[in-house]
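# Analysis of the macromolecular model
Spelled out from the first residue to the last, the chains are:
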Amino acid sequence: MNQLKTACLSAALAASLTTQAGGLLTNTNQNIAFNRMMSREASIAIDGVYYNPAGVAFLPNGHHLSLNVQTAWQTRTIDNSYALFRNNTNNPSTNRTFKGKAFAPVIPSAQYAYNKNGWSFQANFALAGGGGKCKFDDGLGSFEKIVAETAMGAIGLAGQVDGTLGAALGNPALKMFTSDQAFGQTGAYSFNSYMRGRQYYYGLSVGLARKFNDHFSAFAGVRAVYALANYYGYVKDIKVGAMDLYKVLDPSKTESANIELNCDQSGLGFTPIIGVDFKTGKWNFSAKYEFKTRMRLKNEAVNQAPSIGNLGDNLSKTMVSTLTQQLMQQPGMTQEAAQQQALAVTQQVLASQNVTGAMQQLKQQFDTKLDGAIGEYEDGKHIAADIPSLLTIGVGYRPIDALRINAGFHWFDDKHATAYNNRQEKLDHGTIEWNAGAEYDINKAVTVSAGWQNTNYGLTDEYMDDKSFVVSSNSVAVGTCIKLSKKMNLNVAYFHTFYTNKHTAEKVSDQLTYTADYTRDNDVFGVGLDINF
């Protein structure tokens, strides 16, 4: 039961949503210009307030504003295989496919700059991370894996009780808990599960850039990140064989074996940012560094979890009641005598080394892992969720006036961004991204563009699990910029992300292996309006 609780309460991570481009916790598609070109680190335009803030200082004097709206939709797919899944009475197959669907209809962002005499005052608002909702209607494979293993553990304990009871009564064939009317002997199980989550990391940055001459500029600023998240999920109606699990935990409460998670998280962090830009001839070079954001999320939770502290007492009551009824069928047996004999036998069985050892082991596991089980979502707790530092480098080249070619590099230092239970230590390396893009002016009114980005996470088998997974990818983008007037440009773009598959295999025992294949599907459409005044 402790493992089942761990699976459910930690599963909120599965619903955390990042439908956008970037690292493990960072959204980098904060302007439609990126969505249509993918490489904007060396561009000099209003979207540079996020991508190349130092370069914005080279824009003309005046106000510059960019308003953007994106729509994103994503599917997460996990294919699992586990031999114990065949014991599920509702789906007796060893294979499972779990899909989480995410949709973010409106993802806003805005960039603003005011340039005057070589100075550039800038502000940016966007979703720095997260950005929507995700749900798994049937829970996750890890949920079912633990339910299946719990069922096997339950029949193991039931077997110890029945074996000891049969020996005490001189009836080895006696089956009280391993009968087909109780837990049975096959590990059959059924349950209902659901998971839903939403996550928004709002980012507001301000900064100042200075153009020192016609070639060089620098920037310094800070971003405030406010995180809001909610997770709701449950594992309920758990049945092992023909017996509802609550009957051995607390028969007076039908929900005593249910696990329910309902947790709100919030937190505030600050990100110092510096950047430089260097122009020479047809070339432009830029670099930006965002320092690590220390983030601690505070939990406000109303969770429910089962307790096995009364398991021995409940087993005793069930055994005494059942044995009393059986003994009263003997000729001349009174109810009082039957109860006394049933109580004596029950005490003998529950005091046996095999039974006490099995129950003690179960209780010890529960007690020692209780804190870890509640873990991230315990009410009032502060959870480490740092946003990693980010280094970006960009190179831009203009071979002719109508054509601009860019290439960029991103490095997310994920291994030094503290996560819950130091999960970041399981990564091989931080996230590495390469991108390239080009835009071409068809005429004075229309610009077309396309781009590509490769994202490579330092994933290991130990890091991967369905409660929070990413997979490396390639994204491609197309779009256009339409000059509505001398002061207004309209950006329209679409990009699709092609995710790889990540396969993992966990050796549970010499006979059992749990496998998982992870992948995603992601699309983003956006429209933006740039205004100069």
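This text follows the structure it describes.
A brief structural summary. Here the residue numbering is sequential within each chain, running from 1 through the sequence in written order. Local features in this predicted model are restricted to residues whose pLDDT is 70 or higher, and side-chain atom pairs enter the listing and the counts only when it is 80 or higher, whereas totals over whole chains, interfaces and linings include all residues. Side-chain numbers come from the whole structure's heavy atoms, not from hydrogens or water.

So, about the overall build of the chain. Secondary structure elements follow DSSP: runs of H or I of four or more residues count as helices, runs of E of two or more count as strands, with numbering from the N terminus. Helix and strand counts for the chain come out as nine helices and 18 strands. C-alpha extents for the chain along the principal axes are approximately 110 × 40 × 35 Å. Relative accessibility decides the category of a residue: with a 1.4 Å probe and only protein chains considered, values under 20% of the type maximum give buried, values over 50% give exposed, and everything between is partly exposed. The buried share among the 533 residues of the chain stands at 53%. Only the protein chains shown count as cover for residues, and all accessible areas are computed by the Shrake-Rupley method using a 1.4 Å probe. Within the structure as shown, the chain displays about 22800 Å² of accessible surface, and the carbon and sulfur contribution to it stands at 55%. Counting 46 positive and 45 negative side-chain charges, the chain places the averaged centre of each group 8 Å from the other. Counting rule for charge: Lys and Arg are taken as positive, Asp and Glu as negative, and neither His nor the chain ends is counted. To locate a charge, the coordinates of NZ of Lys, CZ of Arg, CG of Asp or CD of Glu are taken.

We now examine a nonpolar patch on the surface. A contiguous nonpolar surface patch, about 780 Å² in accessible area, is contributed by Phe125, Tyr202, Leu204, Val206, Val222, Tyr226, Leu228, Leu268 and Phe270. Contributions of two or more residues to the nonpolar patch are made by strand S4 (189-211), strand S5 (216-240) and strand S7 (259-280). Considering the arrangement of structural elements, one finds phenylalanine 125 in strand S3 (residues 119-136). Each patch is built from residues that are more than 30% exposed by relative accessible area and take part in no salt bridge. Like charges join if they lie within 9 Å; nonpolar side chains (Val, Leu, Ile, Met, Phe, Trp, Tyr) join within 5 Å. Think of a salt bridge as a Lys or Arg side-chain nitrogen and an Asp or Glu carboxyl oxygen that are within 4 Å of each other.

Now for the pattern of salt bridges. Enumeration according to the criterion identifies 15 salt bridges in this entry. Residue glutamate 439 is joined to arginine 40 by a salt bridge in which the shortest nitrogen-to-oxygen separation is 3.7 Å. Taken together, the residues span a long stretch of sequence, with glutamate 439 in strand S13 (residues 431-441) and arginine 40 in the loop between helix H3 (32-37) and helix H4 (48-51) at a distance of 399 residues. Judged by its relative accessible area of 8%, glutamate 439 falls in the buried class. The salt bridge involving aspartate 386 is made with lysine 292; its shortest N-O contact spans 3.8 Å. On the criterion of sequence distance, the pair formed by aspartate 386 in the loop between strand S10 (382-384) and strand S11 (390-400) and lysine 292 in the loop between strand S8 (283-290) and strand S9 (296-301) is long-range, its members being 94 residues apart. Note on lysine 292: relative accessible area 38%, which makes it partly exposed. Three or more residues joined by partner-sharing salt bridges are found here, namely Arg36, Arg40, Asp47, Arg404, Glu439 and Asp441.

A few words on the side chain of serine 120. Topologically, serine 120 is positioned in strand S3. Residue classification places serine 120 among the buried positions, given a relative accessible area of 0%. Side chain to side chain, serine 120 and asparagine 115 meet in a polar contact 2.7 Å long. We call two residues contacting when some pair of their heavy atoms lies within 4.5 Å. Not counting the four nearest positions on each side in its chain, serine 120 is found in contact with Val56, Ala57, Ala113, Tyr114, Asn115, Gly207, Leu208 and Ala209. We call two N or O atoms a polar contact when they sit within 3.5 Å, provided that within protein one can donate a hydrogen and the other can accept it, with sequence-adjacent residues counted only if both atoms are side-chain atoms.

Bringing helix H5 (residues 141-169) into the picture now. Between the first and last residue of a helix there are one fewer steps than residues, each counted as 1.5 Å, and that sum is the expected span. For H5, which comprises 29 residues, the first-to-last C-alpha distance of 42 Å matches the rise-based estimate of 42 Å (1.5 Å per residue) to within 8%. Trailing H5 by a residue or two, glycine 170 shows a phi angle of about 70 degrees, which is positive.

A few words now on the nonpolar core. By nonpolar core we mean a set of buried residues, namely Ala, Val, Leu, Ile, Met, Phe, Trp, Tyr and Cys, connected to one another through side-chain atoms within 4.5 Å. Counting residues in hydrophobic clusters, the biggest one holds 70 residues, and the most contacted among them are Ile78, Leu165, Phe177, Phe183 and Met319. Ranked by residues supplied to this core, first place goes to H5 with ten residues. Filtering out sequence-adjacent residues up to four positions away, phenylalanine 177 remains in contact with Ala158, Val161, Asp162, Ala182, Phe183, Gly184, Leu315, Thr318 and Met319.

What follows covers the packing of aromatic side chains. Any two of the Phe, Tyr and Trp rings considered here, Trp counted by its six-membered ring, make a pair once their centres fall within 6.5 Å; the pair's planes then place it as stacked at under 30 degrees, edge-to-face at over 60, or tilted in between. For the structure on display, the rule yields 16 aromatic pairs. Seen from their ring centres, tyrosine 82 and phenylalanine 85 are 5.6 Å apart, and the 85 degrees between their planes marks the pair as edge-to-face. Given a relative accessible area of 0%, tyrosine 82 falls into the buried group. Given a relative accessible area of 0%, phenylalanine 85 falls into the buried group. Among the aromatic residues, ring-to-ring pairing joins Phe34, Tyr50 and Tyr51 into one connected group. Whether a charge lies above a ring is judged from NZ of Lys or CZ of Arg, which has to be within 6 Å of the ring centre and within 35 degrees of the ring normal. In this structure, lysine 236 is placed above the aromatic ring of tyrosine 234, and the distance from its NZ or CZ to the ring centre is 4.5 Å.

A positive phi angle is found at methionine 38, which is not glycine, with a value near 70 degrees. Turning to its location among the elements, methionine 38 is positioned in the loop between H3 and H4. Judged by relative accessible area, methionine 38 falls into the buried class, the value being 0%. Despite not being glycine, asparagine 422 has its phi angle at roughly 55 degrees, a positive value. With respect to the helices and strands, the residue asparagine 422 is situated in the loop between strand S12 (403-412) and S13.

Within the element layout of this structure, alanine 42 appears in the loop between H3 and H4. Its relative accessible area of 6% is what places alanine 42 among the buried residues. Between the C-alpha atom of alanine 42 and that of glycine 55, which follows or precedes it by 13 residues, the distance is 7.7 Å. With sequence-adjacent residues up to four places away left out, alanine 42 is seen in contact with Asn52, Asn284, Ser286, Gly394, Val395, Gly396 and Asn406.

Moving on: helix H6 (residues 311-327). Taking 1.5 Å as the rise per residue, H6 with 17 residues should run 24 Å; its terminal C-alpha atoms sit 24 Å apart, in good agreement. Of the residues making up H6, those classed as buried are Leu311, Gly312, Asn314, Leu315, Ser316, Met319, Val320, Leu323, Thr324 and Leu327.

To continue, consider the environment of leucine 459. Structurally, leucine 459 can be placed in the loop between strand S14 (446-456) and strand S15 (473-483). Here leucine 459 falls in the buried class, since its relative accessible area comes to 14%. In this structure, the C-alpha to C-alpha distance between leucine 459 and glycine 430, residues 29 residues apart in sequence, is 9.0 Å. Setting aside its immediate chain neighbours within four residues, leucine 459 contacts Leu427, Asp428, Met464, Val470, Val471, Ser472 and Lys502.

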